[in-house]
Amino acid sequence: MIPIIKPYFGREEEETVLEIMKSGQITRGPWTLKFKEAFKDYIGVSYCHTICSGTAALYIALKAIGISKREDVVIVPALSFMATIDAVYMAGGTPVVIDVDESYTMDINQLAEAVEKYKPKAVIPVHLFGQTAQMDKIKQICKDKNIIILEDAAQAHGAEFRGKKAGSLGDISAFSFYASKNVAMGEGGAILTNNPEIDEKISNWIEFGAHPALNLRITEFQAGIGYWQLRRLEETNEKRRKIAMIYNREFENLPGLVLPQEYPDRKHVFHIYALRHPRRNQIIEKLLQKGIGARVYYDYTLHQLRNAEHLPCEFGELAKDQLFAIPIHASLTDSEVEYIVDTVKEVVKEV
Ligand SMILES: Cc1ncc(COP(=O)(O)O)c(C=O)c1O
């Protein structure tokens, strides 16, 4: 089976894990600091905190910006991994779900409407599948209204909007380093900001002292692996982009298939290569039979999943019934890509 995800590790990751083991310092050591510095510099922000998962990153980010009670409304898009909405509930706030557009990111017309109607305290644009939301428009809508923008950049390491990296585009951002991510540690996450006041609040939630806090640290092993993953990121993202270009070229004229687009001003890092087809379940079944790890991302919308307040989410609801993904990662060989291309072409013509 060609897996849908496979982390890409080299000699450096291997040697670093052994080095950490032999050093005896397996947590709160030099690799955690080194990773933090490198990640902060790469994204282009002033402050970075590592944390045990992307979900914890979203949760602590929400706590740090003051989401704590039911009146604290947070706008989220209909299509994302469930952690995006669950973090809002966990923090104590109320999520309101709005639709996504053809880029699978937040519909900015609905955002304007939701801001008027619900007076949110924060908005969480998700850079879904590896492409950023329309951050200029989102900022414009939130400007002068005291609405905090928390980027969910869990799928967007290295993605850009107008030359600036995802994670540096709002007031605060959350990343995941889960096993499938473009920077993979197994589990892990980060919270980033340029704002010193927000930075201090993040510290107070995850470092013991100022008020009751949580231990959500990563170990040195995770940081060591993450450091080298980050060093490889430009190269592995390029590989993902190259594969996506091959898929887009080869699948261009296949009937019923809607291909992922890279929109102007945005650099897509293809965390997931997401396609749409009205008969996606048959396609997935046939691809699995032929040894290709295809799957659905996501078979739910966030408002339906959690019975949340929402605006009409027609496109998101259509997308969740039609979206599926095929393997895209830096471990794929040329012959695997060729096999995937030939098999997808054959299967889509059959269904
Ligand atoms: C968009 C999005 N947000 C949040 C998360 C949560 O990250 P984690 O799995 O590290 O908790 C994920 C990852 O799975 C994700 O894809």
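The rules behind these values
- Residues numbered from 1 in each chain as written.
- Predicted model: local features only at pLDDT ≥ 70, side-chain atom pairs only at ≥ 80, totals over all residues.
- Near = placed C-beta within 6 Å.
- Helix = DSSP H or I, 4+ residues; strand = E, 2+ residues; numbered from the N terminus.
- Buried ≥ 20, exposed ≤ 12 C-beta atoms within 10 Å, placed from the backbone.
- Domains from an automatic or database assignment.
- Contact = placed C-beta atoms within 7 Å.

(A) How the structure looks around the site of the ligand. Taken together, 14 residues sit near the ligand, with Ser53, Gly54, Thr55, Ala154 and Ser176 positioned nearest. Secondary structure elements with two or more residues in the shell around the ligand: helix H3 (54-64) and helix H4 (83-91).

(B) Expanded view of unusual backbone geometry. In this structure, the amide linkage connecting Tyr297 to the following residue, Tyr298, adopts the cis form with an omega of -10 degrees. With respect to the helices and strands, the residue Tyr298 is situated in the loop between helix H10 (280-289) and helix H11 (302-306). Phi at Phe270 is positive, roughly 45 degrees, even though this residue is not glycine. Here Phe270 is to be found in the loop between strand S10 (266-267) and strand S11 (273-276). Residue Phe270 is classed as buried on the basis of its C-beta count, with 25 C-beta atoms lying within 10 Å.

(C) Inspection of the domain arrangement of the chain at higher detail. The domain boundaries assigned to the chain delineate domain 1 (11-231) and domain 2 (233-350). For domain 1 and domain 2, the distance between their C-alpha centroids amounts to 24 Å. In this complex, domain 1 contributes 38 residues to the contact, which on the side of domain 2 involves 34 residues. Every element with two or more residues in the side of domain 1 that touches domain 2 is listed here: H4, strand S3 (94-98), helix H5 (108-118), strand S6 (160-161) and helix H8 (220-231).

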